[in-house]
Structure formats: structure tokens, C-alpha cells
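One letter stands for each residue in the lines below.
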Number of protein chains: 2
Amino acid sequence: MSLSSTEIRLAGRTAALESFATARVPVRDPEPGEVVVRNAFTSLDPGMLRRVTEPDLSHGYTLGAPLHGEAVGHVVASADPAYRPGDAVAHPFGWREYAVAPSSAVRRVDPDAYPSLSTHLNFGLVAYVGLFDIAGFRPGDTVFVSSAAGAVGGLVGQFARRAGAKRVIGSAGTPAKVAHVRDRLGFDAAFDHHDDVDVRLREAAPDGIDVYFDNVGGTQLTAAVEHLNPGGRVVLCGVLADGAALDPRTLLAHRASVRAFSVLDHLHRAPDFGRDFRAWLRDGLVYDETVVDGLENAPRALLDLRAGRYTGKVVVRIGGPGVDR
Amino acid sequence: MSLSSTEIRLAGRTAALESFATARVPVRDPEPGEVVVRNAFTSLDPGMLRRVTEPDLSHGYTLGAPLHGEAVGHVVASADPAYRPGDAVAHPFGWREYAVAPSSAVRRVDPDAYPSLSTHLNFGLVAYVGLFDIAGFRPGDTVFVSSAAGAVGGLVGQFARRAGAKRVIGSAGTPAKVAHVRDRLGFDAAFDHHDDVDVRLREAAPDGIDVYFDNVGGTQLTAAVEHLNPGGRVVLCGVLADGAALDPRTLLAHRASVRAFSVLDHLHRAPDFGRDFRAWLRDGLVYDETVVDGLENAPRALLDLRAGRYTGKVVVRIGGPGVDR
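Nothing here was measured: the structure is a model prediction, and the numbers come from that model.

Caption draft 1: The overall build of chain A, seen in detail. In terms of regular secondary structure, chain A is built from nine helices and 15 strands. Here the C-alpha coordinates of chain A stretch approximately 65 × 40 × 35 Å along the principal axes. In chain A, which comprises 325 residues, the proportion classed as buried is 58%. In chain A, of all internal contacts separated by at least 6 residues, the share reaching a separation of at least 24 is 67%. Carbon and sulfur atoms provide 50% of the accessible area of chain A, an area that totals close to 12,800 Å². Taken together, the 35 basic and 39 acidic charged side chains of chain A have centroids lying 2 Å from each other.

See the structure below:
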């Protein structure tokens with residue numbers, strides 16, 4: 001091959017554009033057991049900026065090296081007989097146009113499973129597995145979701161509504177997002193998490209909470225645990241805002257459970273999710289996705305995402321409009 | 001009826017005999033919906049002394065009123081057609097010879113389910129439900145149990161061993177108890193929790209822990225969470241020693257779960273427990289129970305229990321030897 005690839009490298013540790021550098025590199029041939037993937041979409045997650053700015057949390061965001069994150073695309077060259085050019089795959093080597101990846105880090109995806117290939121970036125599956133498998137959602141449950149205007153939270157609430165929740169409550173960070181959660185996503189109640197969360201939960205869930213889907217940690221986690229009904233369940237998902245601790249005695253008092261999970265342990269649920277997801281889309285589910293075109297625009301979009309300027313999922317389409325959608 | 005009953009009342013809030021007063025009271029006739037139970041056994045739990053000494057944790061241990069706790073006995077008079085004299089029942093009105101109880105707070109027990117009626121005091125079922133239903137024990141798991149010389153802990157470890165654990169590890173508070181856990185109860189490893197728990201766990205469980213059955217909270221809980229394998233599960237059981245907090249980020253890092261429960265939500269498992277328990281007893285399970293004779297000896301026994309002078313379960317047989325066993 002004589003391909004070249006654009007990639008975004010870490011160039012600094014501030015929350016600013018100068019921390020991101022665009023580089024053009026040759027794409028090497030795959031060695032045995034490797035595949036070369038042309039990425040179609042790369043995922044942006046709010047937590048990525050903490051990996052940029054906080055060396056303790058960097059998890060491999062290394063100065064001078066390309067960033068990474070979930071991506072989905074198509075195999076263009078393979079030195080593993082299990083993969084052929086054209087196969088659709090997902091993998092953790094985003095933020096670059098072409099990825100040379102060990103096939104053990106790649107997973108095959110069904111390009112027809114979802115309306116868009118970008119859905120394989122897994123935020124939908126995270127919401128689905130977290131709500132149904134980790135929280136063990138049951139019809140009649142009252143569900144509270146933080147970051148409800150976000151990619152995962154917005155789906156959790158809509159899934160719970162369609163699966164027979166008694167009441168679905170969400171929190172978000174601006175009045176516009178609160179309105180979006182309530183009016184567009186159809187939550188029964190929504191509030192601004194800058195308010196007194198304890199008071200707002202008492203108003204919104206006077207009969208208590210059965211499931212808290214936590215996307216943020218911090219004071220919302222502390223408050224939500226106090227409102228759990230006996231046998232209540234908390235799902236921990238995503239990057240936690242601060243070090244608020246859980247008091248085991250509170251868990252005991254509520255006979256509560258707290259569970260964290262990785263969606264990568266639950267990929268076998270993708271077919272079930274795909275089936276329900278398509279049915280719910282036909283039924284009016286709001287699939288709130290923003291597609292940012294062009295890898296060069298990814299750093300700006302990440303800064304905007306972290307600043308709260310989007311609702312729903314933000315993905316970057318690599319290669320510009322009309323490609324690989 | 002013209003029965004009189006001995007009961008133990010709370011007379012002070014120090015960890016001393018003078019905090020307990022013995023009283024002799026007439027037993028009133030049952031009103032509609034009530035039963036009168038002659039208690040055969042009353043349960044002693046280490047946490048009861050905290051309810052005596054710490055008003056914030058008293059949960060109904062009120063100065064001048066009788067103490068309470070799990071008890072098992074036989075109906076002697078009934079004003080509820082569902083119960084007849086002679087029926088074996090368990091209920092939360094221990095620390096007294098006769099209890100007049102609303103039948104809604106009483107549950108019928110099968111007197112032939114276990115070798116002793118005292119087993120209906122539920123510590124065996126707590127161990128069984130906690131390990132198999134709450135922790136979701138699987139063969140091949142490595143299990144760590146704190147307070148492993150105690151009533152619940154000693155059974156958890158023995159159950160796990162018989163159900164195919166890879167490795168069973170226990171902690172206890174004295175060298176004699178550590179030896180008891182390892183040599184008599186058959187744990188693979190045991191250590192003194194006054195040692196550096198982190199170091200001891202690294203030695204005893206070099207491949208990590210899949211299940212931590214927590215009976216104490218505090219530093220052992222904090223340390224054990226750090227040794228969890230991915231997907232590890234923590235069961236919270238019993239009174240927690242101190243306010244050590246759980247860091248949700250640690251739970252996320254280990255994809256871990258923490259679950260608290262009340263055995264009263266799981267009484268439907270009693271028949272399964274009874275079947276397995278009897279089989280395991282035939283197979284050499286050590287059923288480590290101390291029977292203290294006479295309600296008047298219960299305060300001293302509770303102080304001794306709290307001071308760590310017993311292993312296994314401590315029950316008080318009401319009415320002296322030869323009665324109701």
C-alpha cells in the first residue's frame with residue numbers, strides 16, 4: 001500500500017485547541033494478525049478531555065502520540081484470514097483516518113444492524129445493557145438518569161419509558177437541556193442539576209427511585225442513593241465528575257446495589273439491542289446524534305462537547321460528507 | 001391465660017451488665033390478629049451491643065422497654081385462625097420468654113427443616129442467600145470472607161468450598177480464631193485482620209478476589225475492593241464497623257458491584273437452603289453453634305460475644321436445658 005493517513009496527536013495538556021496537532025503519516029502494511037481499517041466514524045466522549053488535561057487519568061493519551069477512542073469503519077487490507085477487505089469493524093483506534101490494528105482488538109459488526117454505522121460506537125448498547133442487564137429494570141420502576149440530555153442518558157430514559165417505567169426523571173445542566181429532556185425526549189420530569197438535587201428529587205420522585213443510572217458521580221450520586229427505594233439499584237456509567245464517596249451503611253439501609261460495568265463484556269447483547277432499537281425508532285424514539293464532518297474539526301467539537309454545547313451523541317465523520325454513511 | 005414472662009429490658013447505655021434489667025411481667029391475652037409465642041431460642045448478634053450503646057443506632061432499643069431480636073418458638077395461644085397452638089414460628093420479638101405478636105410479624109417455620117429449631121434464626125440462610133443469590137457465586141470463584149470465625153462468615157466459606165470455589169480466604173480477630181477458620185472450618189487461607197489487610201490479601205489471593213462477603217465494613221472493605229477481579233462482587237452484610245466509604249471510581253475501574261440485602265426479602269429460599277444444608281452437614285460441614293442456657297445469661301453472653309470470646313453462632317435457649325431443643 002502507499003496510503004497516507006491523517007491523525008490527531010496530543011500536543012499539550014490544556015483544554016484548548018493547541019493541545020491537538022494534526023499529522024500526516026504513511027500507513028504501513030499489516031503484519032500477520034493485523035488489519036488496516038479505514039475509519040468511517042470516530043466517537044467523541046466528554047471524558048476524553050479529562051484524559052488530555054489530567055495526566056493521572058490519561059490512560060494512554062501520551063504527548064506526541066495519536067489520541068484514541070472508539071471508531072468504526074471498513075477493513076481495507078488484512079493479514080488475518082478471518083477478515084477481508086470491506087468487512088465492517090469497530091475498534092478502539094479512533095482519531096485517525098486509517099488504523100493498523102491487531103485483529104484481536106477488532107470486532108466485526110453487522111453494517112445493517114442499525115440505521116447508521118455510527119451506532120456501533122456503542123453508546124446505545126451501553127444504555128441498553130446498563131438499564132436492562134445491570135440495573136435489572138422492571139416495568140413499574142421509577143428511573144432517574146443524570147446527564148439525561150447526553151448520548152447515553154437520553155436513550156436510557158427513552159428506553160425505560162418504552163419498557164414500562166412508572167416514572168422517568170432526568171437531570172441536565174442548562175434550562176434549554178432540561179426542556180429538551182422533558183419536551184423532546186419525553187421524560188416525565190427533568191431538573192437542572194445545579195439546583196438542590198435532594199429537593200428536586202423529592203419533588204420529582206415522591207415515591208422514591210428504583211433505578212439510578214449515574215453518568216456523573218458527585219453530588220447527584222450522593223443524593224440519589226438517599227432516595228432509593230428498598231432494593232434500589234444504581235448503575236455507574238462513564239467518567240465520574242468528582243470523588244464523592246458511597247457510604248456502605250446507606251446502601252445497607254436501602255438494601256441497595258451499586259454496579260459498574262464495561263459494555264465490552266456484554267457485546268453478545270448487540271442483536272437484542274438492534275432489534276429493540278429499530279422497533280423503538282419506528283415508534284418515535286428520538287435518536288439524537290450530531291455528526292461533525294472532518295477529522296480536523298474533532299478537537300473543536302470535543303471542546304464544545306465538554307462545554308455542554310451539544311445534546312445527544314457527537315460523532316466525527318472522517319473524510320467529509322457523503323462518505324461511508 | 002395467667003402466664004407470666006421474663007424479659008430483658010434496656011436499663012442503660014453502657015457496654016456493661018447494668019445496662020440490662022430482668023423483669024417479670026404478666027402475659028396479656030392476644031387481641032384479634034395476634035398470637036402468643038413461647039420463645040425457644042433468641043438470637044444474639046454482635047451488632048446488638050451497638051444498639052445499646054449508640055442511641056443513633058438504637059433502632060427501637062428504648063430505655064425501659066424490652067430488647068428485641070430474632071426469636072423462634074411455638075404458638076401457645078392464637079387469635080388469628082391461621083395459627084394454632086403448637087405451630088413453630090419465627091419473629092423479631094426475642095429477649096423475652098413469651099411474645100405477644102401481630103401475626104403479620106410472625107412467619108411459620110418448618111420445625112423439621114433443620115437439625116435444630118435455632119437454625120431458623122436465619123444466619124445460615126443469610127450466608128446462603130448472600131453467597132449464591134446476592135454475590136452470584138460461580139464455581140471457580142475466589143471468595144474472601146471477613147469475620148470468618150463468626151456465625152455467618154464461617155458458613156459462607158464452607159458453602160463456597162463445597163460449591164466449587166477456587167480458593168476461600170477468611171479473616172478473623174485473634175490467632176486462635178485464625179487457626180479455627182483455617183484448620184477446623186477448612187478455609188484455604190486465613191489471616192488476622194489486625195495485620196496489613198492489603199498485604200495479607202496479596203499473599204492469600206495473588207490472582208485476585210471474585211467475591212468479597214463483607215461482615216464488618218471499615219478497612220477490610222476498602223482493601224478488598226482494591227483486590228477485586230474485573231466483574232468482582234461485594235456483598236454487604238451485618239453491622240459495619242466504621243464509616244469507611246466506597247469510592248465509585250474504584251468500582252468502575254474493577255467493573256465491580258456492591259450489594260446489600262435483607263434476608264427477609266429472600267425467605268422463599270429457605271427450602272433450598274434446608275436441602276443443601278442437610279446434605280452438607282452429612283458431608284462434614286462444621287455447624288459451629290454455642291447454646292447459652294437461660295435468658296438471664298443473655299446479657300453476659302452478648303458482652304462476651306462482642307468481646308470476641310465466641311466462634312460461630314451464639315443463641316440463648318430460653319427455659320433451660322432439655323426444653324424445646
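From this point, the narrative continues.
Caption draft 2: Examining the interface of chain A and chain B more closely. If you look at the interface, chain A gives 23 residues, while chain B gives 23 residues. Summing both partners gives a buried area of about 1,900 Å² for chain A against chain B, and 66% of it is carried by carbon and sulfur. The largest share of the area that chain A buries against chain B comes from Pro 248, Leu 252 and Arg 255 of chain A, three residues that together contribute 29% of it. Here chain A is connected to chain B by two salt bridges. Between Asp 265 of chain A and Arg 255 of chain B there is a salt bridge, with the nearest N and O atoms lying 2.7 Å from each other. Counting every contact that joins chain A to chain B gives six residue pairs in polar contact (both at pLDDT 80 or more). Of all the elements in the fold, those that place two or more residues in the side of chain A that touches chain B are helix H7 (248–253) and strand S13 (257–260) of chain A.

Caption draft 3: A look at the packing of helix H2 (residues 123–134) of chain A against helix H8 (residues 270–282) of chain A. Residues and elements named next belong to chain A. In contact at an axis separation of 10 Å, H2 and H8 are set at 100° when each is read in the N-to-C sense. If you check the angle between H2 and H8, you find them roughly perpendicular. Residues Gly 124, Leu 125, Tyr 128 and Phe 132 of H2 lie in contact with H8, whose contacting residues are Ala 270, Asp 272, Phe 273, Arg 275, Asp 276 and Trp 280. Taken together, the residues of the contact of H2 with H8 break down into six nonpolar, one polar and three charged.

Caption draft 4: Molecular detail of unusual backbone geometry. If you check the backbone angles, Arg 255 of chain A has positive phi at about 50° while not being a glycine. Residue placement: Arg 255 of chain A occurs in the loop between H7 and S13.

Caption draft 5: Geometry of the packing of H2 of chain A against helix H3 (residues 151–162) of chain A. Residue and element names in this part refer to chain A. The N-to-C vectors of H2 and H3 enclose an angle of 50°; their axes lie 9 Å apart at closest approach. In this view, H2 runs oblique relative to H3, as classed from their interaxial angle. Helix-helix and strand crossings are classified by hand; for H2 and H3 the assignment is right-handed. Counted together, Phe 123, Gly 124, Val 126, Ala 127, Tyr 128, Leu 131 and Phe 132 of H2 and Ala 151, Val 152, Leu 155, Val 156, Phe 159 and Ala 160 of H3 form the full contact between these two elements. A breakdown of the residues in the contact of H2 with H3 according to their chemical character gives 12 nonpolar, one polar and no charged.

Caption draft 6: Fine view of the packing of aromatic side chains. One pass over the structure, following the stated rule, counts 32 aromatic pairs over all chains. With a centroid separation of 4.9 Å and an interplanar angle of 15°, the aromatic rings of Phe 144 of chain B and Tyr 212 of chain B are classed as stacked. Taken together, the residues span a long stretch of sequence, with Phe 144 of chain B in strand S8 (residues 142–145) and Tyr 212 of chain B in strand S11 (residues 209–214) at a distance of 68 residues. Pair check on accessibility: Phe 144 of chain B and Tyr 212 of chain B agree, each one buried. Cluster of aromatic residues (ring-pair linked, three or more members): Tyr 114, Phe 123, Tyr 128, Phe 132, Phe 137, Phe 159, Phe 273, Phe 277, Trp 280 and Tyr 287 of chain A.

Caption draft 7: Layout of empty space enclosed by the protein. Enumeration according to the criterion identifies two cavities of 30 Å³ or more in this entry. Quantified by volume, the largest cavity comes out at close to 70 Å³. Lining the largest cavity are 13 residues, and of these Gly 150, Ala 151, Leu 155, Asp 288 and Gly 312 of chain A sit closest to its centre. Top contributing element to the lining of the largest cavity by residue count: H3 of chain A, with four residues. A breakdown of the residues in the lining of the largest cavity according to their chemical character gives seven nonpolar, four polar and two charged. Mapped onto the domain boundaries, the lining of the largest cavity takes at least three residues apiece from domain 1 (4–121 + 288–317) and domain 2 (135–260) of chain A. Taken as a whole, the second largest cavity spans an internal volume of roughly 50 Å³. Forming the walls of the second largest cavity are Phe 123, Gly 150, Ala 151, Gly 154, Leu 155, Gln 158, Leu 185, Val 286, Tyr 287, Asp 288 and Gly 312 of chain B. With four residues, the single largest contributor to the lining of the second largest cavity is helix H3 (residues 151–162) of chain B.

Caption draft 8: Representation of the relation of the copies chain A and chain B within the structure. Aligned on chain B, chain A shows an RMSD of 0.0 Å; the corresponding rotation is 180° and the shift along the axis is 0.0 Å. Taken together, these values place the two copies in the relation of a two-fold axis. When you check the interface residues of chain A against chain B, 100% turn up at the interface there too, and the contact is symmetric in its surfaces.

Caption draft 9: Focus on the pairing of strand S11 (residues 209–214) of chain A. Residues and elements named next belong to chain A. Along S11, six of the six residues are buried, which leaves the element largely enclosed by surrounding structure. As paired elements, strand S8 (residues 142–145) and S11 share three bridges and run parallel to each other. The residue of S11 that forms the bridge with Val 145 is Phe 213. Judged from the five bridges that link them, S11 and strand S12 (residues 228–236) form a sheet pairing that is parallel. Bridge pairing in S12 places Phe 213 opposite Val 235. You can see the chain leave S11, run along helix H6 (residues 218–226) and come back into S12, and the turn it takes is right-handed.

How each quantity is defined
- Residues numbered from 1 in each chain as written.
- Chains lettered and ligands numbered in written order.
- Predicted model: local features only at pLDDT ≥ 70, side-chain atom pairs only at ≥ 80, totals over all residues.
- Heavy atoms only, no water.
- Helix = DSSP H or I, 4+ residues; strand = E, 2+ residues; numbered from the N terminus.
- Buried < 20%, exposed > 50% of the residue type's maximum accessible area, 1.4 Å probe, protein only.
- Contact = heavy atoms within 4.5 Å.
- Areas by Shrake-Rupley, 256 points an atom, 1.4 Å probe, with all protein chains shown as cover.
- Lys, Arg positive; Asp, Glu negative; His and termini not counted.
- Charge placed at Lys NZ, Arg CZ, Asp CG, Glu CD.
- Buried area = accessible area lost by both parts, 1.4 Å probe.
- Salt bridge = Lys/Arg side-chain N within 4 Å of Asp/Glu carboxyl O.
- Polar contact = N/O pair within 3.5 Å; in protein donor to acceptor, adjacent residues only side chain to side chain.
- Axes fitted to C-alpha atoms, helices over the stretch in contact; angles between N-to-C directions.
- Parallel < 35°, antiparallel > 145°, perpendicular 65-115°, else oblique.
- Nonpolar A, V, L, I, M, F, W, Y, C, P; charged D, E, K, R; others polar.
- Left-handed = near helix turned anticlockwise from the far one by under 90°.
- Phe/Tyr/Trp six-rings, centres within 6.5 Å; stacked < 30°, edge-to-face > 60°.
- 1 Å grid on protein atoms, 1.4 Å probe; cavity = no way out; pocket = protein on both sides within 12 Å on 5 of 7 lines; lining within 4 Å.
- Points joined across faces, edges and corners; volume = space filled by probe spheres on them.
- Domains from an automatic or database assignment.
- Least-squares fit on C-alpha atoms with pLDDT ≥ 70 in both.
- Pairing = 2+ DSSP bridges.
- Right-handed = clockwise from strand over helix to strand, strands pointing away.

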